[in-house]
Amino acid sequence: MELKKYSPEIQGLIHEIKENRNARKRGYLKSCKQLLNFAKDTNDEELLGFVYFYLGRSYYYMPDRTKQAMKTIKKSMFYAQKTNDYAILARIYNILGIDASNRGLEELALEYYMLSRRYSVQSEDYELRFIVEYNMGYTYLEMGDLEESLRYFMKAYRLTKKNKSNFSYFVRYLICCVVGILYMHQKKEDRVEKVFHELELIERQYGEKIPDAFEEPLNFIFRINYYDMIGETEMSDEMQQAFLKQLSADSIPVDSISDLVRYCETLVVAGKLELADQYIHILKLIIESAEVPHVSLDFYRMMIAYAEKKQDEAAKACAINSYYAYSQKQVMERKKAFAFYSEMIETVEKIRLENIRLAKEARTDSLTKLPNRLEMMEVGEAWFERARDEGVSYGIEIFDIDKFKDYNDTFGHQIGDHCLEEIGKVLNSFIQDNIFAARYGGDEFLICYYDMTDQEIMKKAKALRDEFKRICIETGGKNICGISVSQGIRNTVPGQNNKMWDYMYSADSALYEVKKRKRGDILIIHKAFLSDASLADSVTTD
């Protein structure tokens with residue numbers, strides 16, 4: 001997105017929305033809606049894609065607004081795809097991956113993450129690269145594959161080391177927390193110690209830049225477990241109380257609920273039921289408002305184990321009923337998620353095909369159906385540079401229709417247009433791997449010849465001239481047969497100081513030399529300027 005085209009006020013809003021990592025902070029939604037109104041008023045499609053994404057992301061981290069988030073993100077997808085905004089597309093697929101993972105659709109989540117990774121590479125969004133790898137690590141963790149999970153977490157960790165943004169320090173901190181927890185499960189205490197010292201180092205060096213990291217559930221969970229591991233009971237208790245206090249005062253983002261459920265489950269397994277009670281009370285309130293059946297299933301599976309530990313048959317029966325109800329919900333959610341995915345892919349494909357059509361239309365002359373001047377310059381320049389690099393010949397022909405003004409003056413512009421259409425049909429069939437043709441403007445056309453000798457070009461030019469002579473146009477009672485063209489061509493191996501415009505100028509000069517001498521003729525020259533010497537070196541049909 002080109003920020004310079006916006007006023008300082010709009011630039012400030014864009015920066016605020018993009019850089020504010022906590023989408024739940026007060027004022028964030030207000031800023032998003034303010035920017036959305038501006039984007040709508042100005043019909044700025046790229047900005048609409050941007051603001052709809054960040055607005056949808058903000059809704060997503062509010063437990064009771066997940067459905068609204070998906071609708072908003074779908075709007076962002078439409079505009080981002082339409083404007084080829086790969087950076088926003090990468091972020092859309094990343095959050096869709098998070099949502100699919102939260103719903104227990106790990107295979108779909110991985111597919112979304114792969115798409116996000118691809119678009120992040122295309123947009124050179126290196127910051128998102130480590131986020132995607134981190135999220136893929138979490139997905140494998142949900143699938144129970146600890147080794148693959150660790151592999152992705154460590155890959156994300158290495159990517160953060162290459163990035164110097166505050167957010168990279170924040171994500172590196174979270175990676176250390178989750179990796180440390182995994183090492184605890186594997187009883188690798190020496191590695192846990194290394195992780196703890198890495199966290200301390202990050203905190204000393206970048207703590208002021210990433211204050212939000214210390215409020216993350218993962219940080220509390222790791223430190224509580226770490227202090228338990230080394231026998232620092234008092235420190236562990238202090239962290240527990242701080243964690244519970246924060247959970248009571250602040251809402252939990254959707255993608256952190258599963259961490260909290262897993263931690264509560266470890267308390268139940270360890271028989272710390274009184275402590276588990278406090279977390280269960282908080283989790284129940286979150287689970288009831290969150291729209292994530294997969295996490296709810298994990299919660300009620302834990303509640304069944306909790307009731308068994310307490311030998312409370314009534315509570316166990318209640319938890320089993322809730323588990324069954326949420327399992328049915330998850331079946332429906334899976335169907336909805338895959339329906340959403342199918343609908344989204346269909347929409348994306350329609351937009352992609354429409355973009356291709358519009359791009360082709362923008363580069364095609366509407367009358368002759370030939371490539372237009374814009375396409376001609378891009379292809380012509382690319383061929384010219386390749387010919388110069390490879391040391392092969394490059395030819396440019398410019399031709400026009402002899403006495404074309406007479407067609408318009410005598411028979412009317414409709415017949416003139418028909419004449420141009422017929423020329424276009426012949427040229428479109430003339431195009432091949434080493435020959436490119438385009439409408440230059442008016443009744444002038446341009447042909448590029450790649451790595452062809454004068455004799456080969458002359459043969460092609462004569463064949464083209466003969467095809468034009470066979471054209472017959474009905475004018476309402478009288479047929480006009482035989483269109484005459486004059487053809488000027490320059491063909492040589494480009495030198496290091498040559499430009500494509502040099503060749504076009506030479507071909508144009510050759511064309512007017514033909515018109516001066518004998519209309520309907522062909523002249524191939526090899527020099528930039530016409531002179532007695534260059535004409536002596538030329539090739540004609542005579």
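Structure: see above.
Notes on the structure in this doc start here. (Residues numbered from 1 in each chain as written. Predicted model: local features only at pLDDT ≥ 70, side-chain atom pairs only at ≥ 80, totals over all residues. Heavy atoms only, no water.)

Side note on the overall build of the protein
Phase 1 of the analysis: The number of helices and strands found in the protein is 22 helices and 8 strands.
Phase 2 of the analysis: The C-alpha radius of gyration of the protein comes to 34 Å, more than 25% above the 24 Å expected for a compact globule of 542 residues.
Phase 3 of the analysis: Across its three principal axes, the protein shows a C-alpha extent of roughly 105 × 50 × 45 Å.
Phase 4 of the analysis: Looking at the protein as a whole, 53% of its 542 residues qualify as buried.
Phase 5 of the analysis: Contacts in the protein between residues at least 24 apart in sequence constitute 64% of all its contacts with a sequence separation of at least 6. (Helix = DSSP H or I, 4+ residues; strand = E, 2+ residues; numbered from the N terminus. Rg over C-alpha atoms; globule rule 2.2 N^0.38 Å. Buried < 20%, exposed > 50% of the residue type's maximum accessible area, 1.4 Å probe, protein only. Contact = heavy atoms within 4.5 Å.)

Observations regarding the side chain of Thr72
Phase 1 of the analysis: Structurally, the position occupied by Thr72 is in helix 4 (residues 66-82).
Phase 2 of the analysis: Note on Thr72: relative accessible area 7%, which makes it buried.
Phase 3 of the analysis: A polar contact is formed between the side chain of Thr72 and the backbone oxygen of Gln68, at a distance of 2.8 Å.
Phase 4 of the analysis: With sequence-adjacent residues up to four places away left out, Thr72 is seen in contact with Tyr52, Leu55, Gly56 and Tyr59. (Polar contact = N/O pair within 3.5 Å; in protein donor to acceptor, adjacent residues only side chain to side chain.)

Topic: helix 2 (residues 28-42)
Phase 1 of the analysis: Its 15 residues place the ends of helix 2 22 Å apart at the C-alpha level, agreeing with the 21 Å of an ideal helix rising 1.5 Å per residue.
Phase 2 of the analysis: For helix 2, the set of buried residues is Tyr28, Leu29, Ser31, Cys32, Leu35, Leu36 and Ala39. Burial along helix 2 is one-sided: seen end-on, the buried residues are contained in an arc of 155°. Counted as exposed and oriented over 90 degrees from the buried face of helix 2: Lys30 and Asp41.
Phase 3 of the analysis: If you follow the buried residues of helix 2, they end up packed against helix 1 (8-19) and helix 3 (45-60).
Phase 4 of the analysis: Positive phi shows up at Asn43, right after helix 2, with a value of about 50°. (Expected span 1.5 Å × (residues − 1). Arc of directions from axis to C-beta.)

Comments concerning unusual backbone geometry
Phase 1 of the analysis: With a phi close to 50°, Asn43 is a non-glycine residue in the positive phi region.
Phase 2 of the analysis: The residue Asn43 is located in the loop between helix 2 and helix 3 in this model.
Phase 3 of the analysis: Even without a glycine there, the phi angle at Lys403 is positive, about 55°.
Phase 4 of the analysis: Inspection of the secondary structure assignment puts Lys403 in the loop between strand 1 (394-401) and helix 18 (404-411).
Phase 5 of the analysis: The class for Lys403 is exposed, based on a relative accessible area of 56%.

Here's the deal with the state of the cysteines
Phase 1 of the analysis: This structure, assessed with the given rule, holds 1 disulfide.
Phase 2 of the analysis: Take Cys264: it sits in no disulfide, and the sulfur closest to it among the cysteines is that of Cys318, at 16 Å.
Phase 3 of the analysis: Overall, the relative accessible area of 0% leaves Cys264 in the buried class. (Disulfide = S-S within 2.5 Å.)

Quick look at the nonpolar core
Phase 1 of the analysis: If you look at the biggest cluster of nonpolar residues, it comprises 129 residues, and the most contacted ones within it are Leu96, Phe222 and Tyr279.
Phase 2 of the analysis: Sorting elements by how many residues they give to this core places helix 9 (residues 166-185) first, with 15 residues.
Phase 3 of the analysis: Discounting residues that sit within four places of it in the chain, Tyr279 has contacts with Ile224, Gln240, Phe243, Leu244, Leu247, Leu260, Tyr263, Cys264 and Leu267.
Phase 4 of the analysis: With 31 residues, the next largest nonpolar core counts Tyr449, Ile457, Ile471 and Ile473 among its residues. (Core = buried A, V, L, I, M, F, W, Y, C linked by side-chain atoms within 4.5 Å.)

Overview of a positive patch on the surface
Phase 1 of the analysis: Together, Lys40, Lys67, Lys71, Lys75, Lys329 and Lys336 make up a positively charged patch on the protein surface.
Phase 2 of the analysis: Sorting the residues of the positive patch by element identifies helix 4 and helix 16 (313-362) as the ones contributing at least two each.
Phase 3 of the analysis: Take the positive patch: its biggest share by element is 3 residues, from helix 4.
Phase 4 of the analysis: Turning to its location among the elements, Lys71 is positioned in helix 4.
Phase 5 of the analysis: What makes Lys71 exposed here is its relative accessible area of 62%. (Patch = residues over 30% accessible without salt bridge, like charges linked within 9 Å, V, L, I, M, F, W, Y side chains within 5 Å. Areas by Shrake-Rupley, 256 points an atom, 1.4 Å probe, with all protein chains shown as cover. Salt bridge = Lys/Arg side-chain N within 4 Å of Asp/Glu carboxyl O. Lys, Arg positive; Asp, Glu negative; His and termini not counted. Charge placed at Lys NZ, Arg CZ, Asp CG, Glu CD.)

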